[in-house]
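# Observations on the three-dimensional arrangement
So you can see what is in the structure, the chains are spelled out below.
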Amino acid sequence: MREKREKREKRDKPWIMRTYAGHSTAAASNALYRTNLNKGQTGLSVAFDLPTQTGYDPDHALALGEVGKVGVPVSHIGDMRALFNGLPLDQMNTSMTINATAPWLLALYIAVAEENGVDRKLLQGTTQNDLVKEYLSRGTYIFPPGASLKLTADMIAYTVNEVPKWNPTNICSYHLQEAGATPVQELAYSLSTAIAVLDAVKNGGQVPAAEIPKVVGRISFFVNAGIRFIEEMCKMRAFTELWDRITKERYGVEEASFRRFRYGVQVNSLGLTEPQPENNILRIVMEMLGVALSKDARARAIQLPAWNEALGLPRPWDQQWSLRAQQILAFESDLLEYEDIFDGSHVITAKVAEMVAAAWKEVEDIDARGGVIEAVESGYLKQRLVESNAARLRAIESGEQVVVGVNKFVETAECPLTKDLDDAIMTVDPAVEKQATEAIKKWRAERDQKAADAALAKLKAAVKSGQNVMPASIEAARAGVTTGEWAAALRDVVGEYRAPTGVAGARLDQLQPNAKSKVEALRARVAQLTVELGRRPKILVGKPGLDGHSNGAEQIALKARDVGFEVVYEGIRVTPEQIVASAIEEGVHIIGISILSGSHLALVPQILERLKQKGVHVPIVVGGIIPEADARLLEAKGIARVYTPKDFLLDNIMGDLVELVAKAATTHAAE
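It should be emphasised that the depicted structure is a prediction, and the values quoted were computed from it without experimental measurement.

### A word on the side chain of Lys-543
On the secondary structure map, Lys-543 appears in the loop between strand E11 (538-542) and helix H23 (551-563). Polar contacts involving the side chain of Lys-543 include one to the main-chain carbonyl oxygen of His-549, which spans 3.3 Å.

Printed below as a string of structure tokens:
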């Protein structure tokens, strides 16, 4: 008994426990945070809605259907006050998943803290602020890569002394894996991003050379942990080894504490399944073990998705279940009582060495191409990810990669957790968007407009002259400037950017025999249809709204081209008007709409109505995280097919598209 007691007394302090949360309004999210903290959560991970992430106010045309859907809208300092009302900001560790507008959200956070008498030097937390992965996978970028890198360098330079406990950038490999990156690519691309960031700070002249080790010590990472436990755990050990090498050899950091690989993790959401979703909690726990068991490479903060995220927005109980999984591992098990249990394992040592060598080769290749920014702008990295994701999907389709409940062991008893599916997910009241639109207009009408105008003019002048953007942003926050106005000011100076889609140059690898026969049959059918139509069938793949998760759209576009379709795909963030205009200009035979943000009921009917007004009659299919009840509503409005994550067989989808085009052509000919 004494031995057990002594071990428990020597337990490591548990990691920061979070759930990624925020929705509808700042006040509602504040209530959720208070509830989660009362349940034992030890840090906040704030999810912002897409208009906030991409620099639009709720009343902007592109914000339609997106307000409060995938996070909380924060349009000005009043929203930030409501979001953290009553919370002790001098004691909180707050992670904010924000990128293009990261300087602005940090400015709002600092302004609210100081209103409450909290010195900015006491603030602890992280702004994600990794723009490279936005160009490659998540799509909430705004500005060109060079300008975005300057904003990141500004934040780092500002926080080194002004907010010294804050992690100003969080190099994020999480979304790279979500976009199909292999572990080696995840290592290489994120480390190359960190190199670009540190080089920008080192060469930017805002931080003295003697302070660079301090900068390195505040760089953190946000990683993914997939289901392949050994591989993922070895990936984390490889990260620690490579980061130590980079910081010591490239930046001359001698102090070991500054070279420590500091990371938080959200375990894999890509592998969560819509069929048999109850299996997801088991996946989540195993993935958590991959970043917790190895003490020498253990995460400093863990946030877990909910079991039902492939179905829709999780409820508070779903988030609690994921939080309890962390607490059981940390407090009931003996995990934290021992040194690293993998030290000395020849299997682990060999695997780590293999991954280190492969990842370093990729890092050197990117460096030889001019660095990660050039590799983004050329489309090289995006193309590599599109190809990796295609290979992953083909492995699932062929059964080579087993996904329990999806392509093997699909027989199942009825799941009581999803018996009433409409109640198994949370929905956001459509009235939230209307209220937010009215509120932002009221805010602008009641603020000191002269002060806001002066602050915006000062902000633009700072950006034009190359000054650090943070002081002017904090002043703008205090003056009542809105998120949309802050972003618009920067857009006016540095412009906007559209990243390469990665589809044009991507190629599918050699197919397995069974898959090859299906593809050949599809190609033959498309060839026959080409004769019937007098030209190749053409598909428009569109992503309306602000949803930047483009993986599905890219794979549909790539597969459609592979079987013989002519493909029109313009990338993310297009309006319904633009989709309809492209459909008419290109003379397409079918339209595929991809939406994963939950805004399908707002945006799809707009597309349908505009097509009807223009006299365009082509079949439309929709894909995304769409509840069954919503799918029925869309089909009742005239949508030909609705595809959700359970529809993972791309050959089957292609077969549907071919027949829909053929049927439409026959109907048109008969008329």
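### Details of the pattern of salt bridges
For the coordinates displayed, the defined rule picks out 38 salt bridges. Of the charged contacts, one joins Glu-362 and Arg-384 as a salt bridge, the two residues approaching to 3.2 Å between their closest N and O atoms. Highlighted residues: Glu-362 in helix H15 (residues 346-368) and Arg-384 in helix H17 (residues 380-398), separated in sequence by 22 residues. Exposure remark for Glu-362: the relative accessible area of 14% places this residue in the buried category. Residue classification places Arg-384 among the partly exposed positions, given a relative accessible area of 23%. Across the pair Lys-538 and Glu-566 runs a salt bridge, and its minimum N-O distance is 3.5 Å.

### Focus: the nonpolar core
Within the largest apolar cluster, 169 residues are counted, with the highest numbers of intra-cluster contacts made by Leu-83, Phe-221 and Phe-565. For this core, the domains that each give at least three residues are domain 1 (2-423) and domain 2 (513-670). If sequence neighbours within four positions are ignored, Phe-221 has contacts with Asn-170, Ile-171, Ser-190, Leu-191, Ala-194, Trp-243, Phe-261, Arg-262, Tyr-263 and Gly-264.

### Notes on the packing of aromatic side chains
Inspection of the entire model under this criterion finds 14 aromatic pairs. Judged by centre distance (6.0 Å) and plane angle (50°), the ring pair of Phe-221 and Phe-239 falls under tilted. Residue Phe-221 is found in strand E8 (residues 220-225), and its partner Phe-239 is found in helix H11 (residues 229-249); the two are separated by 18 residues along the sequence. Accessibility assignment for this pair places Phe-221 and Phe-239 in one class, buried. With centroids separated by 4.6 Å and ring planes inclined at 35°, the aromatic side chains of Phe-221 and Phe-261 adopt a geometry described as tilted. Of the two residues, Phe-221 sits in strand E8 while Phe-261 sits in the loop between helix H12 (256-259) and strand E9 (263-267), which places them 40 residues apart along the sequence. Judged by relative accessible area, which is 0%, Phe-221 ranks as buried. Exposure remark for Phe-261: the relative accessible area of 7% places this residue in the buried category.

Definitions and cut-offs
Residues numbered from 1 in each chain as written. Predicted model: local features only at pLDDT ≥ 70, side-chain atom pairs only at ≥ 80, totals over all residues. Heavy atoms only, no water. Helix = DSSP H or I, 4+ residues; strand = E, 2+ residues; numbered from the N terminus. Polar contact = N/O pair within 3.5 Å; in protein donor to acceptor, adjacent residues only side chain to side chain. Salt bridge = Lys/Arg side-chain N within 4 Å of Asp/Glu carboxyl O. Buried < 20%, exposed > 50% of the residue type's maximum accessible area, 1.4 Å probe, protein only. Core = buried A, V, L, I, M, F, W, Y, C linked by side-chain atoms within 4.5 Å. Domains from an automatic or database assignment. Contact = heavy atoms within 4.5 Å. Phe/Tyr/Trp six-rings, centres within 6.5 Å; stacked < 30°, edge-to-face > 60°.

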